[in-house]
Amino acid sequence: MTTEPERLPFFVYGTLRPGEANHAWTLRGRTTAEEPARIAGALLYDGPGYPYAIAGPPDAVVHGTLIRPRDADYDEVRAVLDRLEGYAPGDPENVYERVITEAVRPDGGTVRAWVYLAAEPLAARLRATGTLIGGGCWLSAAAAERARRPVGPGSDAAPEQGSVPDPAGR
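From a predicted model like this one, the values you see are computed outputs, not experimental measurements.

Trainee: Would you mind showing me how to read the overall build of the protein here?
Mentor: Of regular secondary structure, the protein possesses 4 helices and 8 strands. Each helix (α) and strand (β) of the protein, taken in turn from the N terminus, gives the series β-α-β-β-β-β-α-β-β-α-β-α. Each of the 170 residues in the protein was classed as buried or not, and the buried ones make up 42%. Within the protein, counting contacts between residues at least 6 apart in sequence, those at least 24 apart form 66% of the total. Of the roughly 9,400 Å² of accessible surface on the protein, a fraction of 53% belongs to carbon and sulfur atoms.

Trainee: Looking at this structure, I do not really get the packing of aromatic side chains. What am I missing?
Mentor: Describing an aromatic ring pair means giving the distance of the ring centres and the angle of the ring planes. On inspection of all chains with the given rule, the structure shows 6 aromatic pairs. Ring centres 6.4 Å apart and planes at 5 degrees place the aromatic pair Phe10 and Tyr116 in the stacked group. Of this pair, Phe10 sits in strand β1 (residues 10-12) while Tyr116 sits in strand β7 (residues 110-118); the two residues are 106 residues apart in sequence, bridging distant segments of the chain. Given a relative accessible area of 3%, Tyr116 falls into the buried group. By the ring-pair criterion, three or more aromatic residues cluster together here, those being Phe10, Tyr74, Tyr87 and Tyr116. Its end group placed over the ring of Trp114, Arg98 keeps NZ or CZ at 4.5 Å from the ring centre.

Trainee: Got a minute to help me understand the sheet that holds strand β4 (residues 51-55) in this structure?
Mentor: As a general point, the strands of a sheet are linked pairwise by backbone hydrogen bonds and lie either parallel or antiparallel. An order of β4-β3-β8 is seen for the 3 strands of this open sheet, with the pairing classed as antiparallel. Whereas interior strands pair on both sides, the edge strands pair on one side only; in this sheet they are β4 and β8 (131-132). In terms of strand pairing, strand β3 (residues 42-46) meets β8 through 2 bridges, oriented antiparallel. Paired with Tyr45 across the strands is Leu132, a residue of β8.

Trainee: I keep staring at the pattern of salt bridges and nothing clicks. Help me out?
Mentor: In a structure, side chains of opposite charge can pair up when their charged atoms sit close to one another. Applying the stated rule across the entire model yields 9 salt bridges. With a shortest N-O distance of 3.0 Å, Arg7 and Asp75 are connected by a salt bridge. Placement of Arg7 in the segment before β1 and of Asp75 in helix α2 (residues 74-84) is noted, with a sequence separation of 68 residues between them. A salt bridge links Asp82 to Arg98; the shortest N-O distance between them is 2.9 Å. Pair noted here: Asp82 is in helix α2 and Arg98 is in strand β6 (residues 96-104), with a separation of 16 residues, a long-range link. By sharing partners, the salt bridges in this structure join Arg7, Asp75 and Arg78 into a single network.

Trainee: It is not clear to me how the nonpolar core should be interpreted in this structure. Could you clarify?
Mentor: If you look at soluble globular proteins, the nonpolar side chains tend to sit buried side by side. Grouped together as the largest cluster of nonpolar side chains are 36 residues, with contacts concentrated most on Phe11, Tyr13 and Ala103. Broken down by element, the residue count for this core peaks at 7 residues, all from β7. Excluding its chain neighbours within four sequence positions, the residues that come into contact with Ala103 are Phe11, Ala37, Arg38, Ile39, Leu66, Gly109, Thr110, Val111 and Ala113.

Trainee: Help me understand the pairing of strand β5 (residues 61-69) in this model?
Mentor: On any regular strand, side chains alternate: one points to one face of the sheet, the next to the other face. As paired strands, β1 and β5 are joined by 3 bridges and run antiparallel to one another. For Phe10, the partnering residue across the bridge sits in β5 and is Ile67. Sheet analysis places strand β2 (residues 31-40) next to β5, joined by 9 bridges and oriented antiparallel. Bridge pairing in β5 places Ala37 opposite Gly64.

Trainee: Before we go on, may I ask you to explain the environment of Leu126 in this structure?
Mentor: Following the sequence through the fold, Leu126 ends up in helix α3 (residues 120-129). For Leu126, a relative accessible area of 7% translates into the label buried. For Leu126, the residues in contact, after removing those within four places along its chain, are Tyr45, Tyr52, Ile54 and Ala118.

What counts and how
- Residues numbered from 1 in each chain as written.
- Predicted model: local features only at pLDDT ≥ 70, side-chain atom pairs only at ≥ 80, totals over all residues.
- Heavy atoms only, no water.
- Helix = DSSP H or I, 4+ residues; strand = E, 2+ residues; numbered from the N terminus.
- Buried < 20%, exposed > 50% of the residue type's maximum accessible area, 1.4 Å probe, protein only.
- Contact = heavy atoms within 4.5 Å.
- Areas by Shrake-Rupley, 256 points an atom, 1.4 Å probe, with all protein chains shown as cover.
- Phe/Tyr/Trp six-rings, centres within 6.5 Å; stacked < 30°, edge-to-face > 60°.
- Lys NZ or Arg CZ within 6 Å of the ring centre and 35° of its normal.
- Pairing = 2+ DSSP bridges.
- Salt bridge = Lys/Arg side-chain N within 4 Å of Asp/Glu carboxyl O.
- Core = buried A, V, L, I, M, F, W, Y, C linked by side-chain atoms within 4.5 Å.

What is shown is where atoms sit, not what they do.
Quick look at the structure:
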């Protein structure tokens, strides 16, 4: 595995957050700390089942979680996250770029962290035609969307008989 000089925590804002689908298999049991955080200078766009963050104006904010992998698991966690996010250093076909940002912790302190931002070709499409998530919090937007869906017989949101509804609402 390739090692990089800085073993920074990761700022995650979508399905890697605790309780979400990708957290369970990528991060659960491999972290020493997980705390709410936010980053400035980024916008959040809705994607098919997950969000995309892109660089934005300085006053834009994205809410998420600061994840600190255990030292023994750090290189493996970084490699798994890179694969999940479609990132390879220097690859022009990257879906996301892993970049350093300043995350703001609940106490107001800041910490340097890795964040995956949509690579520029995708970021340009999102700016042109994407759906911006107001307030910069995917969990709030996903919960609001689930609350708007009709539930009951004959609705698209009603589970089929014998099926188990997806707790994430997807």
